[in-house]
Amino acid sequence: MQAALANPALISLAAGFVDQESLPAAATARVMTEVLNDPVEGRRALQYGTTAGDTELRSQILRLLERGEGVSEGAYEAYLPQVVVTQGSQQLLYLVAEALLDPGDIVLVESPTYFVFLGVLETHGARAIGVPIDDGGMKLDALEATLEEISARGELGRVKLIYSITEHSNPTGLSLAPDRRKGLVEIAQRWSKERPIYVLEDAAYRGLSYTDGPEPRSAWSYDETGDTVILARTFSKTYSPGMKTGFGVLPKSLVKPILGLKGNHDFGSSNLHQMVLARVLREGVYIEQVELLKSLYKAKRDTMLEALDQHFAGFDGQVKWTRPAGGLFVWFSAPEGVDLGPLGSVWPNCQSKGVIYVPGQYAFAHEPTPPETNHARLCFGVPDEADLKEGIARLAAALAECLDPVA
Ligand SMILES: Cc1ncc(COP(=O)(O)O)c(C=O)c1O
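Note that the coordinates shown come from a computational prediction; the quantities given were computed from them, not determined experimentally. (Residues numbered from 1 in each chain as written. Predicted model: local features only at pLDDT ≥ 70, side-chain atom pairs only at ≥ 80, totals over all residues. Heavy atoms only, no water.)

Gly-88, Ser-89, Gln-90, Tyr-114, Asn-170, Asp-202, Ala-204, Tyr-205, Thr-234, Ser-236, Lys-237 and Lys-244 make up every residue found near the ligand. At a separation of 2.6 Å, an oxygen atom of the ligand approaches a polar side-chain atom of Ser-236. Contact between the ligand and Lys-244: an oxygen atom at 2.6 Å from a side-chain N or O atom of the residue. A breakdown of the residues in the shell around the ligand according to their chemical character gives three nonpolar, six polar and three charged. (Near = heavy atom within 4 Å. Polar contact = N/O pair within 3.5 Å; in protein donor to acceptor, adjacent residues only side chain to side chain. Nonpolar A, V, L, I, M, F, W, Y, C, P; charged D, E, K, R; others polar.)

Here we come to the sheet that holds strand E13 (residues 358-359). The sheet built from four strands is open, its strands ordered E10-E11-E14-E13 with antiparallel pairing. At either end of the open sheet lies a strand with only one pairing partner, and these are strand E10 (320-321) and E13. Relative to strand E11 (residues 329-333), E10 runs antiparallel, the two sharing two bridges. Looking at E11, one finds that Trp-321 is bridged to Phe-332. (Pairing = 2+ DSSP bridges. Helix = DSSP H or I, 4+ residues; strand = E, 2+ residues; numbered from the N terminus.)

Our focus in this paragraph is the pairing of strand E14 (residues 375-379). Counting buried residues in E14 gives five out of five residues, a clear majority hidden from the surface. The pairing of E11 with E14 spans five bridges and is classified as antiparallel. Bridge assignment links Phe-332 to a residue of E14, and that residue is Ala-376. Sheet topology note: the E13/E14 ladder contains two bridges and is antiparallel. In the sheet register, Val-358 faces E14, and the bridge partner there is Arg-377. (Buried < 20%, exposed > 50% of the residue type's maximum accessible area, 1.4 Å probe, protein only.)

What follows concerns the domain arrangement of the protein. A common way to report how large an interface is uses the accessible area buried once the components associate. Under the domain assignment used here, the protein contains domain 1 (2-23 + 288-400) and domain 2 (27-286). Measuring from the centre of the C-alpha atoms in domain 1 to the corresponding centre in domain 2 gives 26 Å. Contacts between the two partners involve 30 residues from domain 1, matched on the other side by 32 residues from domain 2. Roughly 2600 Å² is buried in total at the junction of domain 1 and domain 2, and carbon and sulfur atoms are behind 63% of that figure. Across the contact surface, domain 1 and domain 2 share one salt bridge. Across the salt bridge formed by Arg-127 and Glu-367, the nearest N and O atoms sit 2.9 Å from each other. At the junction of domain 1 with domain 2, the criterion picks out 15 residue pairs in polar contact (both at pLDDT 80 or more). Across the side of domain 1 that touches domain 2, the residue classes tally to 18 nonpolar, six polar and six charged. (Domains from an automatic or database assignment. Contact = heavy atoms within 4.5 Å. Buried area = accessible area lost by both parts, 1.4 Å probe. Salt bridge = Lys/Arg side-chain N within 4 Å of Asp/Glu carboxyl O.)

A turn of α-helix holds 3.6 residues, and therefore any two residues three or four places apart point the same way. Look at helix H4 (residues 55-69): 21 Å from first C-alpha to last across 15 residues, which is about the 21 Å you get at 1.5 Å a residue. Within H4, eleven of the 15 residues are buried, leaving the element largely enclosed by the surrounding structure. Listing the buried residues of H4 in full gives Leu-57, Arg-58, Ser-59, Gln-60, Ile-61, Leu-62, Arg-63, Leu-64, Leu-65, Glu-66 and Glu-69. Gly-70 occupies a position one or two residues after H4 and carries a positive phi of about 70 degrees. (Expected span 1.5 Å × (residues − 1).)

Next comes the structure, spelled out in structure tokens:
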């Protein structure tokens, strides 16, 4: 961030921000005016609300979930008491950690995972243990093996959470394969021998899918007990991060503790933002915005992938990258031993050529193996198409000086 501010010519493939031009300012202004002009709604919006959140928004959230999971309207009505609106999904992640974790507790995370959540775990003194992934996200056999090892060490009682970013993950862009979602829930339930092991399903990028057809069912939808999966979602990526509104659908056992903590934090998210979002959802403004973002980000993703194909063609397979079906990120990997981190040679070389990325090492837990340093997270959300092409060209030029391109 500092580097980008100091050098305006720098192309940032680092910031995980959303596209600036497409932010729905006009539609939001219209809806906000409607809310404020209504003599009853307007005053309610400017008043305190409840800790769980605006009932109309929470109902709209259930309708959104019903459409997304392909069930009939009203099918999820009974979940209303389990829906909590939070200050972005980040607050929910924090509240879950605060409610569940004592120092020394264990959280199993994808390797790599969302680095900000690793920070949340560190704050709570919890141990993050990485579970290997492949193109289908967290490998369930590796998850079982990790649980076996932890159990053999007598530490199973310290495992509280399995954290999975199921849709177009930050940082890899990869999703948990549809045929692993039920299995993930079953593993958590089967290993809840000494105490409950919850699945924290972070679906921050749900909605931003660039392939045709419906998105797969969430892991949450396979939780028939209703007491294993914590679903964390947000309107930041699909509508506006400035609204800072996310939500959770909580297992029944966690509703009271999480609401208690949220009460202590802020006794409720902004009522104005919630009421605007409720209308945005009800009037179909939200769906229109998501459709717009999908075509815009699809084009940006394609531009980044084409630029990678073009500029790294001469590297003879020495580097590789993911081809995400949605979200905002591509995960780029150099050969092992090539350090893309802040202490390696590529990072300063990129800065001097005018491009930055997020060093991938930040996205790894420190157990069971040290963080890998040969990766980078590239975000295609913010730069325009010209900058995406130029940014990748600069990245290739910088890497070429550290590797030996074949052609
Ligand atoms: C995977 C993931 N989860 C959660 C969040 C939190 O976002 P917000 O608090 O804006 O909902 C982000 C933001 O980048 C994210 O990438």
